[in-house]
Amino acid sequence: MFRGAFLLFIVCWVSAERCYWNAECPYLMYSTKTPYDTVRGDIRDHPKLENCEAVSIWSLHRHGNRNPGSSVTESIKGVAGLKDEIIRSFESGRGQLCSQEIEDFRKWKWNETLEVSQSFLTGTGYEELYDIAKRIRERYPHLLQGPDGKYYFRSTNEQRTVTSGMAFVHGLAEGTNLNLTVDGPWERDDIIRPYQNCDRYQIDVKGGQQLVDEMAAYFSTDEFKVVQRNVQERLGIQTQLSSDDVYALYEICRFYRSWTATKQSPWCAAFSDQDLVVLEYRDDVRHYHRNGYGSWVNVNLGGPVLKDLYESFDAVINGAGRNVVSYFTHDTMLEMAFCAMGLFKDAAAIRGSVRNPNRLWKTSQIASFSVNFIAVLNSCQESGTQTYRVQFFVNELTSDLCPHAGCTWEQFQGMFQKFTSSNLDFCSLSYTADEPASDSAPRLPLGQEEGGAWRRCGGGGRVSVLAARRAHSSPGLQRDTYSMAINYHK
């Protein structure tokens, strides 16, 4: 069995080195721009707990696939201007690209809508959230029966999260009698975007020197310099590529590939699989220090949303509560929540100067488009007594936070009741209490070595769900989704 797997690796490696366009086992992990389908499970495939029935779901979601932001749009438009030079270099016998890749370059065109829809949710992103909700509806149909007040959804005040919420309630309510709405967006939301108004985070962490130093260390590594030389040689162009140019090429590669049915882009032909492994690490470093364990501030910022989770389930236990509560936010919030729970925590810090291939902190898996954390409260009968069990899923995969059979209510309390005292007092720059000690909560071992199991071969207002249903059925979905949020009623 091992020998067969080894031979498959050799075949895939040779194919990948020859041509990007027909590689049998291309590397699929693109950090925070990894498509959700690359890393997800399927919540419908998890067996029902014996003598139990789900009574409530609480979930936290990153928005779906989006367009690049303003600064990235500007940088990728700049390197897109290299297209003609790349083609001329090939025609002059320079570079290492294949004929099909050059043909794909000739067909490729810059999408001008990117310049007027920066950071907007795409049709692909809409489908991601719609499909997640649809699978939840199919797995837990009994939870979609009840008055509209038994459901609560909220998004941050960005087009991409507002429209992601619309997509989710569309998929959840489709075929039911429910008329669901999405609360918000709120101008300030200290539950699902507490970092935005946290001075200590904005100044000491996001704007701090540590993040700058770690990123400088990454771009100074021998590994990255090898990637820079490889890309220069592979394209065969006279223009000398800076480190920023190389990363912009990676950006245009990973954004454009995420919007195609084949998940390919001619710009990705500039990189070998090993190049992509090295480039993937850049976001891991950046997010570790900006949103993750690089600062105790990040860990504390994950507390308020987990307080909401605990109080939501506690209300159900006490005869109130809701059937479904879902929030739509950003990768920053998901990563902070993971850190507050102690998930994906490596023994050693993630540093820009050295890459640990076996790290748990991998943004491809914990900060992909549409990444999610789903908690399911189950009412059970055990030895004639009513009990409760809580299951946790990350990207629809069972987490090790609790076994598949779920944690008991007492175990859940032991892990989450502490968050009821969460507050944002520490966000003030005048806060002088001692820095909190690192938490020792359990870790979620979803990180895999590069090329491992995750490398798959082969192919203020309210938004009505009715508007989302109409938009979903429109043939212009990919073009029109980013305009939907303009129509919500404030």
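In the annotation of an unreviewed UniProt entry, the protein chain is listed under the name Multiple inositol polyphosphate phosphatase 1 and assigned to Iphiclides podalirius. As its UniProt record puts it under Subcellular location (unreviewed entry), the protein chain is described as follows: "Membrane".

Caption draft 1: Here's a closer look at the overall build of the protein chain. From N to C terminus, the protein chain includes 19 helices and nine strands. About 20,600 Å² of surface is accessible on the protein chain, with carbon and sulfur atoms providing 49% of the total.

Caption draft 2: Structural view of the packing of helix H14 (residues 303-317) against helix H17 (residues 409-416). Across the interface, H14 lies against H17 with an axial gap of 10 Å and an inter-helix angle of 150°. As far as their axial angle goes, H17 and H14 are roughly antiparallel. At the point where H14 passes H17, the crossing takes the left-handed sense. Judged by residue contacts, Leu 306, Leu 309, Tyr 310, Phe 313, Asp 314 and Ile 317 of H14 engage Trp 409, Phe 412, Gln 413 and Phe 416 from H17. Here the residues of the contact of H14 with H17 are counted per class, giving eight nonpolar, one polar and one charged.

Caption draft 3: Quick look at the nonpolar core. Residues Phe 271, Leu 309, Phe 338, Phe 373, Phe 392 and Phe 416 are the most contacted members of the largest nonpolar core, which totals 102 residues. In terms of residue count, the dominant contributor to this core is helix H11 (residues 243-258) (nine residues). Leave out the neighbours within four places in its chain, and Leu 309 touches Trp 58, Phe 373, Ala 375, Phe 392, Phe 412 and Phe 416. Tyr 130, Ile 136, Leu 178 and Val 324 belong to the second-largest nonpolar core, a separate cluster that totals 29 residues.

Caption draft 4: Representation of the confidence of the model for the protein chain within the structure. Put simply, the protein chain has an average pLDDT of 88, and 85% of its residues get 70 or more. This model gives residues 1-16 a pLDDT under 50, and the stretch forms nine contacts once residues within four places in sequence are excluded. The model gives residues 437-490 a pLDDT under 50, and that stretch makes 141 contacts with residues more than four places away or in other chains.

Caption draft 5: Representation of the packing of aromatic side chains in the model. Using the criterion set out here, one finds 33 aromatic pairs in the structure. An angle of 20° between the planes, with centres 6.1 Å apart, marks the rings of Tyr 30 and Tyr 250 as stacked. With Tyr 30 in the loop between helix H1 (2-18) and helix H2 (36-39) and Tyr 250 in helix H11, this pair connects stretches of sequence that are 220 residues apart. Relative to Phe 224, the ring of Phe 219 lies with its centre 4.9 Å away and its plane at 90°, an arrangement referred to as edge-to-face. Judged by its relative accessible area of 21%, Phe 219 is partly exposed. Put simply, the rings of Tyr 310, Phe 313, Phe 338, Phe 344, Phe 373, Phe 392, Trp 409, Phe 412, Phe 416 and Phe 419 pair up and form one aromatic cluster. In this structure, Arg 154 is placed above the aromatic ring of Trp 186, and the distance from its NZ or CZ to the ring centre is 3.8 Å.

What counts, and at which threshold
- Residues numbered from 1 in each chain as written.
- Predicted model: local features only at pLDDT ≥ 70, side-chain atom pairs only at ≥ 80, totals over all residues.
- Heavy atoms only, no water.
- UniProt positions renumbered as here; feature names shortened; annotations may be inferred.
- Helix = DSSP H or I, 4+ residues; strand = E, 2+ residues; numbered from the N terminus.
- Areas by Shrake-Rupley, 256 points an atom, 1.4 Å probe, with all protein chains shown as cover.
- Axes fitted to C-alpha atoms, helices over the stretch in contact; angles between N-to-C directions.
- Parallel < 35°, antiparallel > 145°, perpendicular 65-115°, else oblique.
- Left-handed = near helix turned anticlockwise from the far one by under 90°.
- Contact = heavy atoms within 4.5 Å.
- Nonpolar A, V, L, I, M, F, W, Y, C, P; charged D, E, K, R; others polar.
- Core = buried A, V, L, I, M, F, W, Y, C linked by side-chain atoms within 4.5 Å.
- Buried < 20%, exposed > 50% of the residue type's maximum accessible area, 1.4 Å probe, protein only.
- pLDDT = per-residue confidence, 0-100.
- Phe/Tyr/Trp six-rings, centres within 6.5 Å; stacked < 30°, edge-to-face > 60°.
- Lys NZ or Arg CZ within 6 Å of the ring centre and 35° of its normal.

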